[in-house]
Amino acid sequence: MKKVGLILTPAFIFALALMAQAQKVNTSDDRAETLKVTVSGVIDMDAVFRDGELIDVRGGNSASDEDEGTIEGNIRVRLDIELSEKISAVVALRTPRVGSGSTEVIGANAEETAVIVEQATITLNEFINPEMKLAMGIVPVAFDLRGKGSAFFFDPANSNSFAKNVGAGSGSTVVGAEDLLQPTGVHWTYRKDALSAGVFLLPAIVEGGTASGDEAAYGAWFFYSLETLSKGSRAGAIVAVDTFAGKETSVITVGGGLSWVDALTPGLELYAEVYFQFGDAGPVTVSGSVDTADAGGLAFQAGGQYNFPGNENNIWVGGNITMISGDDDSADGDNDNFLSYENVNDLKILEDQWFGFDLDTNYFAFKVSGGAALTVGSGAMKNNLEISGIVGIVTLSEDVLGTNGAFSEGLFAGSTASSEDAIGNEVDVNARYLVSKQVSFDGGVGMLFG
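Residues numbered from 1 in each chain as written. Predicted model: local features only at pLDDT ≥ 70, side-chain atom pairs only at ≥ 80, totals over all residues. Heavy atoms only, no water.

(A) Geometry of the overall build of the protein chain. Scanning the protein chain from terminus to terminus reveals 1 helix and 22 strands. Expressed as a percentage of its 450 residues, the buried residues of the protein chain come to 41%. Taking the intrachain contacts of the protein chain between residues at least 6 apart in sequence as the baseline, contacts between residues at least 24 apart amount to 60%. Counting only carbon and sulfur atoms, one obtains 59% of the accessible surface of the protein chain, whose full area is about 21400 Å². (Helix = DSSP H or I, 4+ residues; strand = E, 2+ residues; numbered from the N terminus. Buried < 20%, exposed > 50% of the residue type's maximum accessible area, 1.4 Å probe, protein only. Contact = heavy atoms within 4.5 Å. Areas by Shrake-Rupley, 256 points an atom, 1.4 Å probe, with all protein chains shown as cover.)

Encoded structure:
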């Protein structure tokens, strides 16, 4: 069996910025405060090469087993609208990300390419009192402990369905389908001094027709700034109740973590998160009888990043340990696969939603990474070439059980063992060349082997 997965991703990304900045448009000079609209956007184009085995596992050309190159990407346009001092709105539109395992490709039937409403939010500032806000509509709620766009448990606007790993089977893990969801509802937030908190009611993250067919999330979160410990440090927690299509679905997740900036020495950040799940995970058949599966997922990550202080080249190194539970016995009436709206894309093949497998349950990984920035070209921007690399040593938390002692397809195709927990080792190298604040060229290669 072929043991190497390969992906190459040169990319071209730039913002649609008029006069090198987002533009503000007023309806009238004598009523400048009546309406302000700030227009911004992004064009993202990627040339991607994947080898045949990677495409097979993603559900692509399993018959031909051929390598494939595609042009992928999408377009985003965002309007930030100030209706008054206390009322604002955001409308963000995007095209589907075409070319990556989809029926759409750039340049084919372009007039039929859908435009998707990514965000449509009305925000009431100073709602009830100056510390409160109320956002309504398609609201991008996320619980991101480190604040770096890599939510470990909850970010439905940048994730797949919460239910994708329900009932996946003994020790199995589901390769994610590409998707971005539209969390619709209300989000109340409160911020004062060191405390920030929020309550979200999102009854239609995935619209399923009747209310019982919808995927929904309800919950609350808080962050507390630990400025007395060090600037930028904070602790946070979240409790969420997630429901999805099917009878008796109500998965409760409780968890949180700590991010300690300048821990022990300047430049060192240490962080940790842990989440526990319980409740009902939908119907399951046990010994011929239909019962309700008990949710029992567990997820944990801990890591650190050291930014060398006083270094003009922004040299940094990091490490991370991730453990996400899997289901070791699908016939016992429990669902121990951890379920989430995660947005972790550290490893290009194993974790990235668009380029790779997007594995997010039954997963154990040890990752080491590092990077630096260099100044290239005369008169260029300082540190305009960013380079980074990551090594991931990855296994399954629970063995995948084969059918009759054999695996017919996927990561373990051709194996005759009765169970397997190895996934492999991944090495990625990435580079970004900043032409300006609005334009960058990105390139990367990921290799999975072992």
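(B) The arrangement of the nonpolar core in detail. With 48 residues, the main nonpolar core has Phe153, Phe154, Phe200, Ile238, Leu350, Phe357 and Tyr363 as its most contacted residues. Apart from residues no more than four positions distant in its own chain, Ile238 is found in contact with Phe143, Phe153, Phe154, Phe200, Ala220, Trp221, Thr253, Val254, Gly255 and Tyr275. (Core = buried A, V, L, I, M, F, W, Y, C linked by side-chain atoms within 4.5 Å.)

(C) Spatial organisation of a nonpolar patch on the surface. A contiguous nonpolar patch, built from Ile321, Phe364, Phe366, Val368, Val391 and Ile393 and spanning about 460 Å² of accessible area, is present on the exposed surface. Only β19 (363–374) and β20 (385–401) provide two or more residues apiece to the nonpolar patch. Of all the elements, β19 adds the most residues to the nonpolar patch, at 3 residues. Under the relative-accessibility criterion, Val368 is labelled partly exposed at 39%. (Patch = residues over 30% accessible without salt bridge, like charges linked within 9 Å, V, L, I, M, F, W, Y side chains within 5 Å. Salt bridge = Lys/Arg side-chain N within 4 Å of Asp/Glu carboxyl O.)

(D) Examining the environment of Asp399 more closely. Residue position: Asp399 is located in strand β20. We classify Asp399 as partly exposed; its relative accessible area is 32%. Linking Asp399 and Asp328, residues 71 residues apart in sequence, is a C-alpha distance of 7.1 Å.

(E) Representation of the environment of Asp179. With respect to the helices, strands and loops of the structure, Asp179 is situated in the loop between β8 (132–138) and β9 (184–192). Spatially, the C-alpha atoms of Asp179 and Ser159 are 6.6 Å apart, while their sequence positions differ by 20 residues. Ignoring sequence-local partners within four residues, the contact set of Asp179 consists of Ser159, Asn160, Gln353 and Trp354.

(F) A look at unusual backbone geometry. Phi is positive for Asn314, which is not a glycine, with a value near 50°. Looking at the secondary structure, you find Asn314 in the loop between β16 (298–307) and β17 (316–324). Of note in the backbone geometry, Asp358 takes a positive phi value of approximately 55° without being a glycine. Among the secondary structure elements, Asp358 is positioned in the loop between β18 (334–335) and β19. A relative accessible area of 1% places Asp358 in the buried class.

(G) Main features of the environment of Ala204. Looking at the element boundaries, Ala204 is found in strand β10 (residues 195–206). Linking Ala204 and Asp214, residues 10 residues apart in sequence, is a C-alpha distance of 5.8 Å. With residues near it in sequence (within four places) discarded, Ala204 still touches Gln182, Pro183, Thr184 and Glu215.

(H) Here's a closer look at the confidence of the model for the protein chain. Overall, the prediction assigns the protein chain a mean pLDDT of 82, with 79% of residues at 70 or greater. Ignoring residues within four places in sequence, the model shows residues 15–21, a span with pLDDT below 50, making 10 contacts including any to other chains. This model gives residues 100–107 a pLDDT under 50, and the stretch forms 16 contacts once residues within four places in sequence are excluded. (pLDDT = per-residue confidence, 0-100.)

(I) Just the packing of aromatic side chains, in detail. As enumerated under the stated definition, the model contains 12 aromatic pairs in all. Ring geometry for Phe162 against Tyr341: centres 5.3 Å apart, planes inclined by 45°, an arrangement best described as tilted. One end of the pair, Phe162, is in the loop between β8 and β9; the other, Tyr341, is in the loop between β18 and β19, with 179 residues separating them in the sequence. Here a set of aromatic residues connected by ring pairs shows up, and it is made of Phe152, Phe153, Phe154, Phe162, Phe200, Phe244, Tyr275, Phe338 and Tyr341. Seen from the ring of Tyr271, Arg146 lies directly overhead, with NZ or CZ sitting 4.1 Å from the centre. A cation sits over an aromatic face here: Arg234 above Phe223, 3.7 Å from the ring centre. (Phe/Tyr/Trp six-rings, centres within 6.5 Å; stacked < 30°, edge-to-face > 60°. Lys NZ or Arg CZ within 6 Å of the ring centre and 35° of its normal.)

(J) Main features of the pattern of salt bridges. Under the criterion given, the structure shown has 12 salt bridges. Here Arg94 and Glu118 are joined by a salt bridge, their closest N and O atoms 3.9 Å apart. Here Glu118 lies in strand β7 (residues 116–125) and Arg94 lies in strand β6 (residues 87–94), a separation of 24 residues in the sequence. Note on Glu118: relative accessible area 22%, which makes it partly exposed. Among the salt bridges present, the one from Lys148 reaches Glu269, with a minimum N-O distance of 3.5 Å.

(K) Highlighting the side chain of Asn74. Here Asn74 shows up in strand β5 (residues 68–82). Judged by relative accessible area, which is 8%, Asn74 ranks as buried. Those residues within four positions of Asn74 in sequence are excluded, and the remaining contacts are Val42, Ile43, Asp44, Thr95, Pro96 and Arg97.

(L) Structural context of the side chain of Thr253. With respect to the helices and strands, the residue Thr253 is situated in strand β13 (residues 249–260). Relative accessible area serves as the criterion here: at 0%, Thr253 is assigned to the buried category. Here Gln277 takes part through its side chain, which lies 3.0 Å from a polar atom of the side chain of Thr253. In this structure Thr253 touches Phe153, Ile238, Val239, Ala240, Asp242, Tyr275, Phe276 and Gln277, once residues within four positions along its chain are discounted. (Polar contact = N/O pair within 3.5 Å; in protein donor to acceptor, adjacent residues only side chain to side chain.)

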